[in-house]
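Listed below, chain by chain, are the residues.
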Amino acid sequence: MLGFTQFTVKKNERVLLLRNGDFEGLYAAGKYRVFTGFDIVQLERFSLAEPAFDHELADYFLAREPQLVQREFVQVSLGETEVGLRHEDGVLVQVLPPATRKLYWRGLREQRVDVIDVAADARLPAELQSVALRPRAVQGLEGVLLVQVPEFHAGVLTLEGQMQALLPPGNHGFWRFNRQVAVTSVDLRSQIAEVSGQEILTRDKVGLRLNLSAVWRFADVRQALAQMPKPAEHVYRELQFGLRAAVGEQTLDALLENKSAIDQTVLAQVRERLEGSGLVLESVGVKDIILPGEMKTILAQVVEAEKSAQANVIRRREETAATRSLLNTAKVMEGNPVALRMKELETLERVAERIDKISVVGGLDQVLNGLVTLRPNGS
């Protein structure tokens with residue numbers, strides 16, 4: 001049955017009319033009456049609030065409808081090395097990858113697309129970097145690498161597998177499109193390497209467990225990374241080798257008498273092996289030397305015997321000194337009756353301190369001659 005189709009297009013809409021599945025027209029705001037006849041007519045509505053025209057007819061419009069595209073859309077056609085920065089009302093909202101072909105509706109929002117050729121420079125423009133770091137969302141940032149190099153660190157920039165110049169502390173941005181880019185942060189401060197639980201035999205075949213701590217740092221980051229993929233592991237391994245060599249060439253007694261000899265030997269050996277590697281070993285120190293259980297018992301017995309012998313020597317020395325002092329006192333009293341009597345009185349005084357009552361018969365001379373009756377408390 002022949003007839004007409006009437007429809008209204010709002011001011012924030014566009015309507016696409018398809019007749020028998022084929023494009024016939026694009027309608028702006030207004031009221032319309034379209035003759036249908038025996039055809040099948042379809043109306044597709046698009047809200048201008050959704051700026052992207054994602055439809056299968058987009059390529060057709062770009063190829064065959066240049067006037068319609070000029071009137072209704074903002075056209076984006078990027079080359080293989082070009083990136084588009086799409087702005088809505090002056091605000092960046094999207095980063096478009098290379099080779100993008102897209103249409104955006106005109107009318108509701110002002111659409112602007114800035115084109116940047118990223119073939120020559122991988123670095124992100126400073127203004128884009130500051131915008132991309134803001135908390136609000138910007139679409140398409142998966143094509144951007146944003147990194148922050150902390151203070152006291154250096155950023156190792158790698159492009160297409162090749163190391164570039166080191167990055168100073170701060171924020172940095174790079175294009176990922178059409179290239180492989182990576183940034184690794186390296187700490188330039190002194191770092192600690194712990195070598196723990198090393199089971200090593202001394203020269204006299206005594207098994208020891210040692211814990212060592214060392215301090216190292218980067219002297220030349222590029223030189224170090226050019227020679228070894230994991231500098232920290234390299235330092236750890238060299239410390240292991242140096243510790244085994246230092247302990248294996250000495251006896252247990254020598255190690256216990258001079259633990260610092262291990263530090264000096266390991267430090268000298270590892271420093272020599274790290275020369276020209278871009279790494280510097282600053283200090284080495286053995287934290288613990290742990291003996292086997294049976295060796296601890298033997299050493300404890302040895303120490304006990306040594307201390308006992310030292311105690312005996314001291315005791316004999318004190319006894320000799322006391323005997324010599326008594327002999328000297330006796331010689332003085334032998335020729336001096338007054339001194340002898342004073343010594344007797346001193347002795348009597350000490351005895352009297354412990355006695356409650358003393359009965360004296362015949363005077364003080366009888367006391368000193370042994371005629372003294374001592375009566376304890378309560379007698």
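Quick caveat: nothing in here was measured; it's all calculated off a predicted structure. (Residues numbered from 1 in each chain as written. Predicted model: local features only at pLDDT ≥ 70, side-chain atom pairs only at ≥ 80, totals over all residues. Heavy atoms only, no water.)

A rise of 1.5 Å per residue sets the reference length of helix α5 (residues 231-248), with its 18 residues, at 26 Å; its end C-alpha atoms lie 26 Å apart and thus fit the reference within 8%. Among the residues of α5, those classed as buried are P231, H234, V235, E238, L239, G242, L243, A246 and V247. Structurally, α5 contributes buried residues whose contacts are with β16 (191-201), β17 (207-218), α4 (221-227), α6 (252-257), α7 (260-274) and β18 (279-290). (Helix = DSSP H or I, 4+ residues; strand = E, 2+ residues; numbered from the N terminus. Expected span 1.5 Å × (residues − 1). Buried < 20%, exposed > 50% of the residue type's maximum accessible area, 1.4 Å probe, protein only. Contact = heavy atoms within 4.5 Å.)

Okay, the packing of aromatic side chains next. Scanning the entire structure with this criterion turns up 16 aromatic pairs. An aromatic cluster is built from F23, F46, F53, Y60, F61, F73 and W105, whose rings are joined through pairwise contacts. The lysine or arginine in question, R33, covers the ring of F4, its NZ or CZ lying 3.7 Å from the ring centre. (Phe/Tyr/Trp six-rings, centres within 6.5 Å; stacked < 30°, edge-to-face > 60°. Lys NZ or Arg CZ within 6 Å of the ring centre and 35° of its normal.)

Under the definition given, this model contains 15 salt bridges. A salt bridge links R71 to E72; its shortest N-O distance comes to 3.2 Å. Where R112 meets D114, a salt bridge forms, and the shortest distance between an N and an O atom there is 3.3 Å. Counted as one network, the salt bridges with shared partners bring together R14, R71 and E72. (Salt bridge = Lys/Arg side-chain N within 4 Å of Asp/Glu carboxyl O.)

Moving on, we get to the sheet that holds strand β5 (residues 41-47). The strands making up a sheet are joined through hydrogen bonds of the backbone, oriented either antiparallel or parallel. Strand order in the open sheet formed by three strands is β3-β2-β5, and the pairing between neighbours is antiparallel. The sheet terminates laterally at β3 (22-27) and β5, the two strands that pair on one side only. Each strand of the sheet is rotated relative to its neighbour by a mean of 25°, with strand direction disregarded. Across five bridges, the pairing between strand β2 (residues 13-19) and β3 is antiparallel. Across the sheet, the residue bridging to V15 is Y27, located in β3. (Pairing = 2+ DSSP bridges. Axes fitted to C-alpha atoms, helices over the stretch in contact; angles between N-to-C directions.)

The residue Q198 is located in strand β16 in this model. You can call Q198 buried: its relative accessible area is 5%. Looking at Q198, its side chain comes within polar contact range of the main-chain oxygen of S196, at 3.2 Å. Separated by 3.4 Å, the side chains of Q198 and R244 make a polar contact. With residues near it in sequence (within four places) discarded, Q198 still touches L208, R209, L210, Y236, Q240, L243 and R244. (Polar contact = N/O pair within 3.5 Å; in protein donor to acceptor, adjacent residues only side chain to side chain.)

If you check the backbone angles, N20 has positive phi at about 55° while not being a glycine. Within the secondary structure, N20 sits in the loop between β2 and β3. One non-glycine residue, N178, adopts positive backbone phi at about 60°. Among the secondary structure elements, N178 is positioned in the loop between β14 (170-175) and β15 (181-187). Overall, the relative accessible area of 55% leaves N178 in the exposed class.

L208, L210, L212, L239, I262, V266 and L281 are the most contacted members of the largest nonpolar core, which totals 33 residues. Secondary structure elements with two or more residues in this core: β16, β17, α4, α5, α6, α7 and β18. With six residues, β17 is the single largest residue contributor to this core. Listed in part, the 16 residues of the second largest apolar core include L26, F46, F73 and W105. (Core = buried A, V, L, I, M, F, W, Y, C linked by side-chain atoms within 4.5 Å.)

On to the side chain of E238. Topologically, E238 is positioned in helix α5. Relative accessible area serves as the criterion here: at 6%, E238 is assigned to the buried category. Within the structure, E238 has its side chain in polar contact with the side chain of R273 (distance 2.4 Å). Ignoring anything within four residues of it in the chain, the contact list for E238 reads V270, R273 and L274.

Now for the confidence of the model for the protein. This prediction gives the protein a mean pLDDT of 84; 80% of its residues lie at or above 70. Low pLDDT, under 50, characterises residues 371-379; the stretch is placed with 16 contacts to residues that sit more than four places away or in other chains. (pLDDT = per-residue confidence, 0-100.)

On to the sheet that holds strand β7 (residues 82-88). Strand order in the open sheet formed by three strands is β8-β7-β10, with antiparallel pairing between adjacent strands. The strands lining the two open edges of the sheet, one partner per strand, are β8 (91-96) and β10 (111-117). For this sheet, the mean inter-axis angle between neighbouring strands, taken without regard to orientation, is 25°. Where β7 meets β10, seven bridges bridge the pair, whose relative direction is antiparallel. Each residue of the ladder has a partner; that of E82, found in β10, is D117.

This next bit is on the environment of Q139. Tracing the backbone shows Q139 in the loop between α3 (126-132) and β11 (144-149). Expressed as a C-alpha distance, the spacing of Q139 and R86, which sit 53 residues apart in the sequence, is 9.6 Å. Other than its neighbours up to four places away in sequence, Q139 contacts V93, Q94 and V95.

Axis separation between α5 and α7 bottoms out at 9 Å; the angle between their running directions is 135°. On the basis of the axis angle, α5 is oblique to α7. Like other packed secondary-structure pairs, α5 and α7 cross with a definite hand, here right-handed. Contact residues: α5 offers H234, E238, L239, F241, G242, L243, A245, A246 and V247, while α7 offers I262, T265, V266, Q269, V270, R273 and L274. (Parallel < 35°, antiparallel > 145°, perpendicular 65-115°, else oblique. Left-handed = near helix turned anticlockwise from the far one by under 90°.)

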